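# Analysis of the macromolecular model
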Amino acid sequence: MNTIRHNSLAKCAFRLVLIMLSLLLSASQAFSLSPSDLVVVYNINMEASKTVAEYYAKKRGVPISNFVGVDAPSSERMCRSDFEKGLIPPVRAMVERLKNDGKDPAILLVHGIPLVVKGPARKKPDETFMALVGEKVEEYQELVLKLIAEIDHLTGSDDSTLATSDPLKSTCSTKDVLKIAGESFARGLQYLETSKTNINDNDVRARISSLLIRLAGTSTAAKAFIGIMSKQEEKNREMFKSQELLKWDAILRREMNERSFLGELPENALETATTVRFIDGVLGELRFWYELKTKYEDGRTSASVDSELTLILAGPYQHAGWLPNPFHDRYKRMAFVRKIRERTIKVARLDGPTPELAKRLVDDAVETENIGLKGIFYIDARGLTNNGSTGSYAWFDQHLINLYNIVRDEASMEVVIDKGQDLFPVGACPNAALYCGWYSLRNYVDSFTWQKGAVAFHVASAEASTLRNNLSNVWCKRMIEKGVSATLGPVQEPYLLSFPLPDHFFPLLMTGKLPLLDVYFRTIPYVSWRQILIGDPLYTPFKKNPAIRLPKKTETKAPQGSKPVEQQGK
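Residues numbered from 1 in each chain as written. Predicted model: local features only at pLDDT ≥ 70, side-chain atom pairs only at ≥ 80, totals over all residues. Heavy atoms only, no water.

## Re helix α19 (residues 502–510)
In plain terms, the rule: Between buried and exposed lies partly exposed: a residue is buried under 20% and exposed over 50% of the maximum accessible area for its type, with that area taken using a 1.4 Å probe on protein chains only. Numbering of helices and strands runs from the N terminus; a helix is a DSSP stretch of H or I covering at least four residues, while a strand is a stretch of E covering at least two.
Within α19, eight of the nine residues are buried, leaving the element largely enclosed by the surrounding structure. Buried within α19 we find Pro502, Asp503, Phe505, Phe506, Pro507, Leu508, Leu509 and Met510. Just past α19, the residue Gly512 takes up positive phi, approximately 75°.

Here it is as structure tokens:
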């Protein structure tokens, strides 16, 4: 085992990370979660469920008037109709009442509420829609091939024969077509750049320019053309201003970004496609229909009950695939995001293998807050050295190593990292206060002696798939049984991109500025998906003893937030 121990107080190498945390926190202090904001949801068909709700309310001072009893099955899975008829209406009514009272409601599910809501059954209109989507993919794939064939012919590229050949049309995948089209677009731009001094070539240049706009849309083409016009065309630069291509692109792209938080519904697909065509051209519309086909064909429409409840006020939304979490830091600079956040509800659960263990979570939280969480931070990386793309194993492993570097250099807590392929051995981790690591699927390894109040999560595909199966060895269940006070994990295969990045989640928690629920929703990428947070939502383990001190206010600007992530299939 490659283990390194540090107990350092250095405060220099990751100053920028802390500055970004400081900027994030300064914008959120006015919206601190309080007990009166919590809607506590219990199962009326399980006596122990209401007992846990009452215990939590007494411990934290939640008004009994905030209780909602729901008619739910006693199992850990529920069908979509039971979710929509028995759970959503009473919970939504309470959330709306608190909002009308000026509260900022959040939902706490307690022991007895199912973990998983199954996807809706496919209906006849869905089959009609899928047929339409398939036809659109074929139609726009053929159109893209025709456009790139003409571009390649005009630019003298030998690849033009590939684009027009019948074998290519029948065997080329959509991904291949998108790749070929990107290469053809680049060749067209290169031709415009190298031929701009040739005044006898204006007709060809004009035709190529027209094809590029049709292929890639107004914004991409307009931006690319600036700076590669010939002197003869320079006077036509005003055309871009008069048509206000970039301005219209910004307006429409904002509308698309805003709509992306609810996904794409079948009844809106044709309308959306026209907007995509204007912004991103024929190529963008092909990509739109192809991604829609992939999402709806995959059929991954099940989710955790918790994550699905975040959209209880959102209105109709896409069930196929995950949706962007508007509370995530990447969206904080979007002008419209506040409106999206107002109709998105944060959700956690107080749960465990038994009602007594569920109650223990709040007991530990209250006690630990009074004295502060102390102990050792254990990080179990895999030592992957290659620079992986986003979502790859190497990419996530690097975030674990980044977390180690931050804690080593910026925190007042001892940190231990294992960079070997094996997990920490049994009994190797005493006084564990925090933990993040991977990868042991459905097989908890008893390496830890947990401190009261410990917060931990293990990255694997099914570690919250059950909390009540006595024979199960999944990590969330077993960590709660062994003494962990808060954890998170997936109820079904979630994909690596859906986990909070550990070098974001834990440093934010260690500042002691936000409760567990807010830390989770600042860092979890998606909603209407498969992750759950287990623990007292009000728990702030470092409130009395911040392990990471934020720097004083600075004029340094945080990087611009990114656009909504590409949605993927369930």
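## As for unusual backbone geometry
With an omega of 5°, the peptide bond between Trp438 and Tyr439 qualifies as cis. The backbone of Arg442 shows a phi angle near 55°, a positive value even though the residue is not glycine. Relative to the assigned elements, Arg442 resides in the loop between β12 (429–437) and β13 (448–458). One non-glycine residue, Ser528, lies in positive phi territory at about 55°. Counting through the fold element by element, Ser528 comes out in the loop between β15 (526–527) and β16 (531–534). In this structure Ser528 comes out as buried when scored by relative accessible area, which is 0%.

## Things to note about the pairing of strand β10 (residues 376–380)
Formally: Think of it like this: strands point away, you trace from the first strand over the helix to the second, and a clockwise trace means the crossover is right-handed.
Burial analysis of β10 places five of its five residues in the buried class, which makes it a mostly covered element. Taking every second residue as pointing to the same face, both faces of β10 are buried, with Ile376, Tyr378 and Asp380 on one and Phe377 and Ile379 on the other. Considered for its hand, the β-α-β crossover made up of β10, helix α17 (residues 393–410) and strand β11 (residues 414–418) is right-handed.

## So, the confidence of the model for the protein chain
As a general rule, the predicted coordinates of low-pLDDT regions are not to be interpreted in detail. Keep this limit in mind: Predictor confidence is given residue by residue as pLDDT, running from a minimum of 0 to a maximum of 100. Whether two residues touch is decided by their heavy atoms; if any such pair falls within 4.5 Å, the residues are in contact.
Looking at the protein chain, pLDDT values average 86 and 82% of them are 70 or higher. Low pLDDT, under 50, characterises residues 230–235; the predicted model gives this stretch six contacts beyond four residues in sequence or across chains. Counted against residues more than four places away or in other chains, residues 237–242, with its pLDDT under 50, gives eight contacts.

## Side note on the packing of helix α7 (residues 174–194) against helix α8 (residues 202–216)
The condition that has to hold: Axes, fitted as lines to C-alpha atoms, cover a helix only where it is in contact. Angles between the N-to-C directions of the axes lie from 0 to 180 degrees. Any angle that is under 35 degrees is reported as roughly parallel, and any over 145 degrees as roughly antiparallel; angles of 65 to 115 degrees are reported as roughly perpendicular and all others as oblique. In a left-handed crossing the near helix is turned counterclockwise from the far helix by less than a right angle, and in a right-handed crossing that turn is clockwise. Under the grouping applied here, Gly and all other residues not named as nonpolar or charged are polar, the nonpolar ones being Ala, Val, Leu, Ile, Met, Phe, Trp, Tyr, Cys and Pro and the charged ones Asp, Glu, Lys and Arg.
Contact pair α7 / α8: the axes reach a minimum separation of 10 Å and the direction vectors enclose 150°. As the angle between them shows, α7 and α8 are arranged roughly antiparallel. The two elements α7 and α8 cross, and the hand of that crossing is left-handed. Counting all contacts with α7, which are made through Ala181, Phe185, Gly188, Leu189, Tyr191, Leu192 and Glu193, the residues of α8 involved are Val204, Arg205, Ile208, Ser209, Leu212, Leu215 and Ala216. Counted by class, the contact of α7 with α8 contains 10 nonpolar, two polar and two charged residues.

## Focus on the packing of aromatic side chains
Defined as follows: Stacked, edge-to-face and tilted labels apply to pairs of Phe, Tyr and Trp rings (six-membered ring for Trp) whose centres lie within 6.5 Å, assigned for plane angles under 30 degrees, over 60, and everything in between, in that order.
Under the criterion given, the structure shown has 26 aromatic pairs. Judged by centre distance (5.7 Å) and plane angle (90°), the rings of Phe457 and Phe505 are edge-to-face. Residue Phe457 is found in strand β13, and its partner Phe505 is found in helix α19; the two are separated by 48 residues along the sequence. The burial state of Phe457 is the same as that of Phe505; both residues are buried.

## Re the pattern of salt bridges
Inclusion rule: Salt-bridge detection follows one rule: a side-chain nitrogen of Lys or Arg within 4 Å of a carboxyl oxygen of Asp or Glu.
Per the stated rule, a full pass over the model turns up 28 salt bridges. Put simply, Lys346 and Asp518 hold a salt bridge, and the shortest N to O gap is 2.6 Å. In this pair, Lys346 sits in the loop between α15 (337–342) and β9 (347–350) while Asp518 sits in helix α20 (residues 516–523), placing the two residues 172 residues apart along the sequence. Classification of Lys346 by relative accessible area gives buried; the value is 14%.

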